[in-house]
Amino acid sequence: MAKKVTGFIKLQIAGGKANPSPPIGPALGQKGVNIMEFCKAFNAKTQQQNGVVLPTIITVYSDRSFTFVTKTPPATYLLKDKLKLERGAQKPGSEVMAKKVPKKTVEEIVEAKKVDLTAGTKEAGMRTIEGSIRSMGLKLDY
């Protein structure tokens, strides 16, 4: 018989850098999960993505065991990484960053995130990423 799921935990954790400090420790502790066991398993799985922010969904079962799935990094993380930015605009909508995002960069991000995007087509995926670009206070270059 299958194990009974008691809950899900959604966190954004830097690859290879999970430790029992907040927010990981308290979130797992509330569900009764062995925190160090999770940290060791996560760090081993994400060692090659060291430092990259990864959205992670942890499934907790009734016997306090767990499984986890990592997703692709958020679009904003990928944009900041590709454009070498520290952060986006402080007041998006009224403040605009000097950087312009070329179409090629948007296509690369869509390609990297295609497994996690809910868009049915490449064009729809590009519109999704363009929304993230606007919310960061950046401008499109096409």
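The model shown is predicted, which means the values in this text are computed figures rather than measured ones.

Caption draft 1: View of the domain arrangement of the protein chain. On domain assignment, one finds that the protein chain holds domain 1 (5-70) and domain 2 (75-140). A straight line from the C-alpha centre of domain 1 to that of domain 2 covers 27 Å.

Caption draft 2: Region of interest: unusual backbone geometry. For the peptide bond that leads from P22 to P23, omega is 5°, which places it in the cis range. Here P23 lies in the loop between β1 (5-14) and α1 (24-31). Of note in the backbone geometry, K84 takes a positive phi value of approximately 60° without being a glycine. Considering the arrangement of structural elements, one finds K84 in the loop between α3 (75-83) and β4 (100-101). The exposure class of K84 is exposed, given its relative accessible area of 71%.

Caption draft 3: View of the pairing of strand β3 (residues 66-70). Where strand β2 (residues 53-61) lies against β3, five bridges are found, and the strand directions are antiparallel. Among the inter-strand pairings, I58 is bridged to a residue of β3, identified as F68.

Caption draft 4: Structural view of the pattern of salt bridges. Tallying each qualifying case throughout the model produces four salt bridges. The salt bridge involving D63 is made with K3; its shortest N-O contact spans 4.0 Å. Within this pair, whereas D63 is found in the loop between β2 and β3, its partner K3 is found in the segment before β1, the two being separated by 60 residues in sequence. Relative accessible area serves as the criterion here: at 48%, D63 is assigned to the partly exposed category. Where E111 meets K114, a salt bridge forms, and the shortest distance between an N and an O atom there is 2.8 Å. Classification of K114 by relative accessible area gives exposed; the value is 51%. What you see here is one network of salt bridges that share partners, running through K82, K104 and E108.

What counts as what
Residues numbered from 1 in each chain as written. Predicted model: local features only at pLDDT ≥ 70, side-chain atom pairs only at ≥ 80, totals over all residues. Heavy atoms only, no water. Domains from an automatic or database assignment. Helix = DSSP H or I, 4+ residues; strand = E, 2+ residues; numbered from the N terminus. Buried < 20%, exposed > 50% of the residue type's maximum accessible area, 1.4 Å probe, protein only. Pairing = 2+ DSSP bridges. Salt bridge = Lys/Arg side-chain N within 4 Å of Asp/Glu carboxyl O.

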